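Take a look at the letters that make up each chain.
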Amino acid sequence: MKYVIGIDIGTSAVKSVLVSEEGRVVCEHAESYPLHRPNPGWSEQNPEDWAERTIASLRKLMEKSQVAPSDVEGISFSGQMHGLVLVDAEGKPLRPAILWNDTRTTPQCRRIEQTLGTRLLDIARNRALEGFTLPKLLWVQEHEPEILSRASLFLLPKDYVRYCLTGGFAMDYSDAAGTLLLDVAGKTWSADIAQAFDLPLSLCPKLAESSGLTGTLLPDVAEAAGLLPATKVFAGGADNACGAIGAGILGEGKTMCSIGTSGVVLSYESRKDVNPQGKMHFFNHGEEDAFYVMGVTLAAGHSLSWFKQTFAKESSFDELLEGIEDVPAGSGGLLFTPYISGERTPHPDADIRGSFIGMDSGHTLKHFARAVLEGITFSLRESIDLIRESGREIAEVTAIGGGAQNETWLQMQADIFNADIVKLESEQGPAMGAAMLAAYGCGWFPSLEACAKQFIRPAEVFSPNPEQVKRYDGLFSVYRDVYGQTRELNERLAAYRQ
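Peer 1: Honestly, the packing of helix 15 (residues 429-441) against helix 16 (residues 448-455) in this entry has me stumped. Any pointers?
Peer 2: The relative placement of two packed helices comes down to the angle between their axes together with the axis-to-axis distance. It is at 10 Å that the axes of helix 15 and helix 16 come closest, and there the two elements cross at 120°. With respect to helix 16, the element helix 15 is oriented oblique. Remark: the crossing between helix 15 and helix 16 carries right-handed chirality. On the side of helix 15, the interface is formed by Met432, Met436, Leu437, Ala439 and Tyr440, while helix 16 contributes Leu448, Cys451, Ala452 and Phe455. Here the contact of helix 15 with helix 16 is built from residues that sort into 9 nonpolar, no polar and no charged.

Peer 1: Hey, could you run me through the pairing of strand 22 (residues 396-401) in this one?
Peer 2: Within a regular strand, the side chains alternate between the two sheet faces. Inspection of the sheet shows strand 16 (residues 255-259) paired to strand 22 by 4 bridges, in the parallel sense. Residue pairing across strands places Cys257 opposite Ala399, the latter belonging to strand 22. In the sheet, strand 22 pairs with strand 23 (residues 420-424) via 4 bridges, with the strands oriented parallel. Its bridge partner lying in strand 23, Thr398 is registered against Val422. In the classification by handedness, the crossover that spans strand 22, the intervening helix 14 (residues 407-417) and the parallel strand 23 is right-handed.

Peer 1: How should I be thinking about the packing of aromatic side chains in this particular structure?
Peer 2: In this description, an aromatic ring pair is defined by two values, namely the gap between the centres and the angle between the planes. Going through the model one piece at a time under the given rule, you end up with 19 aromatic pairs. Each ring, one from Trp42 and one from Trp139, has its centre 5.3 Å from the other, and the planes form 85°; the classification is edge-to-face. Taken together, the residues span a long stretch of sequence, with Trp42 in the loop between strand 3 (25-32) and strand 4 (44-45) and Trp139 in helix 4 (residues 133-143) at a distance of 97 residues. For the pair formed by Trp42 and Trp139, the shared burial category is buried. Following the ring pairs from residue to residue traces out a cluster consisting of Trp306, Phe307, Phe311, Phe336, Phe356 and Phe368.

Peer 1: For this particular structure, what's the right way to read the sheet that holds strand 22?
Peer 2: Within a sheet, adjacent strands bond to each other through the backbone by hydrogen bonds, running parallel or antiparallel. The strand order across the open sheet built from 7 strands is 18-19-17-16-22-23-24, with neighbouring strands paired in mixed fashion. Lying at the two open borders of the sheet, with one neighbouring strand each, are strand 18 (281-284) and strand 24 (458-462). For this sheet the average axis-to-axis angle between neighbouring strands, irrespective of direction, equals 30°. As paired strands, strand 16 and strand 17 (residues 263-269) are joined by 5 bridges and run antiparallel to one another. The residue bridging Cys257 from the neighbouring strand is Val265, located in strand 17.

Peer 1: Honestly, the pairing of strand 23 in this entry has me stumped. Any pointers?
Peer 2: Bridge count between strand 23 and strand 24: 4 bridges; the pairing is antiparallel. Bridging from a neighbouring strand, Val422 pairs with Val461 of strand 24.

Peer 1: How should I be thinking about the pattern of salt bridges in this particular structure?
Peer 2: Pairs can form between side chains of opposite charge once their charged atoms are near each other. Taken as a whole, this structure holds 29 salt bridges when the rule is applied. With its nearest N and O atoms 2.9 Å apart, the salt bridge here joins Arg392 to Glu269. Residue Arg392 is found in the loop between helix 13 (365-389) and strand 22, and its partner Glu269 is found in strand 17; the two are separated by 123 residues along the sequence. Arg392 sits in the partly exposed class, given a relative accessible area of 23%. By relative accessible area, which is 3% here, Glu269 ends up buried. As a salt-bridge pair, Arg487 and Asp349 come within 2.6 Å of each other at their nearest N and O atoms. Taken as a pair, Arg487 in helix 17 (residues 466-493) and Asp349 in the loop between strand 20 (335-337) and strand 21 (355-357) lie far apart in primary sequence, 138 residues in all. Taken individually, Arg487 and Asp349 each receive the classification buried, so the pair is uniform in this respect.

Peer 1: Would you mind going over the environment of Gln66 with me for this structure?
Peer 2: Checked against the element boundaries, Gln66 lands in the loop between helix 1 (47-65) and strand 5 (72-79). The class of Gln66 is exposed, set by a relative accessible area of 66%. In this structure the C-alpha to C-alpha distance between Gln66 and Cys27, which are 39 residues apart in sequence, comes to 9.6 Å. A distance of 2.6 Å separates the side chain of Gln66 from the backbone oxygen of Glu63, its partner in a polar contact.

Peer 1: Quick question: what am I supposed to make of the side chain of Arg104 here?
Peer 2: Summarising the element assignment, Arg104 is placed in the loop between strand 7 (97-98) and helix 2 (106-116). Polar side-chain contacts of Arg104 include one of 2.8 Å to the side chain of Glu44. A distance of 2.8 Å separates polar atoms of two side chains, one belonging to Arg104 and the other to Asp102. Every residue in contact with Arg104, bar those within four places of it in the chain, is listed here: Gly41, Trp42, Ser43, Glu44, Arg95, Ile98 and Trp139.

Scoring rules and cut-offs
Residues numbered from 1 in each chain as written. Predicted model: local features only at pLDDT ≥ 70, side-chain atom pairs only at ≥ 80, totals over all residues. Heavy atoms only, no water. Axes fitted to C-alpha atoms, helices over the stretch in contact; angles between N-to-C directions. Helix = DSSP H or I, 4+ residues; strand = E, 2+ residues; numbered from the N terminus. Parallel < 35°, antiparallel > 145°, perpendicular 65-115°, else oblique. Left-handed = near helix turned anticlockwise from the far one by under 90°. Contact = heavy atoms within 4.5 Å. Nonpolar A, V, L, I, M, F, W, Y, C, P; charged D, E, K, R; others polar. Pairing = 2+ DSSP bridges. Right-handed = clockwise from strand over helix to strand, strands pointing away. Phe/Tyr/Trp six-rings, centres within 6.5 Å; stacked < 30°, edge-to-face > 60°. Buried < 20%, exposed > 50% of the residue type's maximum accessible area, 1.4 Å probe, protein only. Salt bridge = Lys/Arg side-chain N within 4 Å of Asp/Glu carboxyl O. Polar contact = N/O pair within 3.5 Å; in protein donor to acceptor, adjacent residues only side chain to side chain.

Interpretation in functional terms is not warranted from these geometric data alone.
Structure representation (structure tokens):
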């Protein structure tokens, strides 16, 4: 039996999965690392922590599985998007990585818009948002010019880890699309955008397909990880692109909803001339010459984690959500907006803040917990509706991530989206997508779609309840009004957040 390994470099931990030729997850292991917030709105990590914990995760994976190293043919990666890693000529990080959820770069976003105007959407197909990589580069250019002057390359998180494992630099198209420096349709770095901000194109690493072979393991890394130096290493992809592969989103009309720290609605797109005009993201897929449109809720699972940590710290998530199925849809008139970290789709707004509306003395912890789930799901429906408005039919959505772990939440998604929700038999998210890229790269299958047929199996389908659909449609119309009516109040309250 042959095996591949998928590695997901997440925001809080690295997860490795060992997958057989049959698509069976034989073993998995996760290793956590710290997140640093040195200033309000800042979010940073030490890139060396990712590499160290990845090697530790691989070692534990091999020890637990007892699989022979010679039977592991390939490794590939999924990674948190947008994070800026600046390295010198020796590959040494010059500063902590600035992550996707860092919001310090609002002035740099305005500078990008003023400098490029409509050219940005024409080339990069995405708006200038605080999470993307180019604003981070410009922040370093303005505030730490001596560091930028020493930088040889910029990398994204998984690309730095891959460099540590192989000694080679590369970036795949799906991750490069989230930098605002890629000509998304042309699949090349944009000289126009780089020159507009006095950034040398030499800062940009070579580009590769997600399934492209990028090297083999360095001998000392292989020994530390319990693998062989001949193990093939493939480029991998952005976490959302790999999540799409791992959920089988590999054809027209295929759509998924992924709820982790953030929440994502993603739909496959084969046409490279699509331009959502900034209403949604448009990125390169991990499948060669394919794309996807995507909407993002910044604080999806994070809203639930924040609520538990703040109001039910001693409870597990299962205990917190126990009994919410007995609370009627609409949570007794209690409405939550999940803007606790700002928002992205359809409101690209780093300053907006969340709210509970409609509280009364009859509401219990269960009402609040259900309202949090409903608010997260309403935010994701805004992305579903944008895709539908573009002419795409969405009758079925594959659910992955934390939002696929609770049956009440899955039924809630079916009712709020008015679509069948598919739960997978073995849901490993982006790590599975990374393993599939390795399997395809090793030549096990003629296409990623053929790989998906072997690796991905539906377990259960949750269909919408017409009565609940109607009830949620009414509440959703209220939800959509909240943003505009609270925007001014949020601005007035901003002075009191210091």
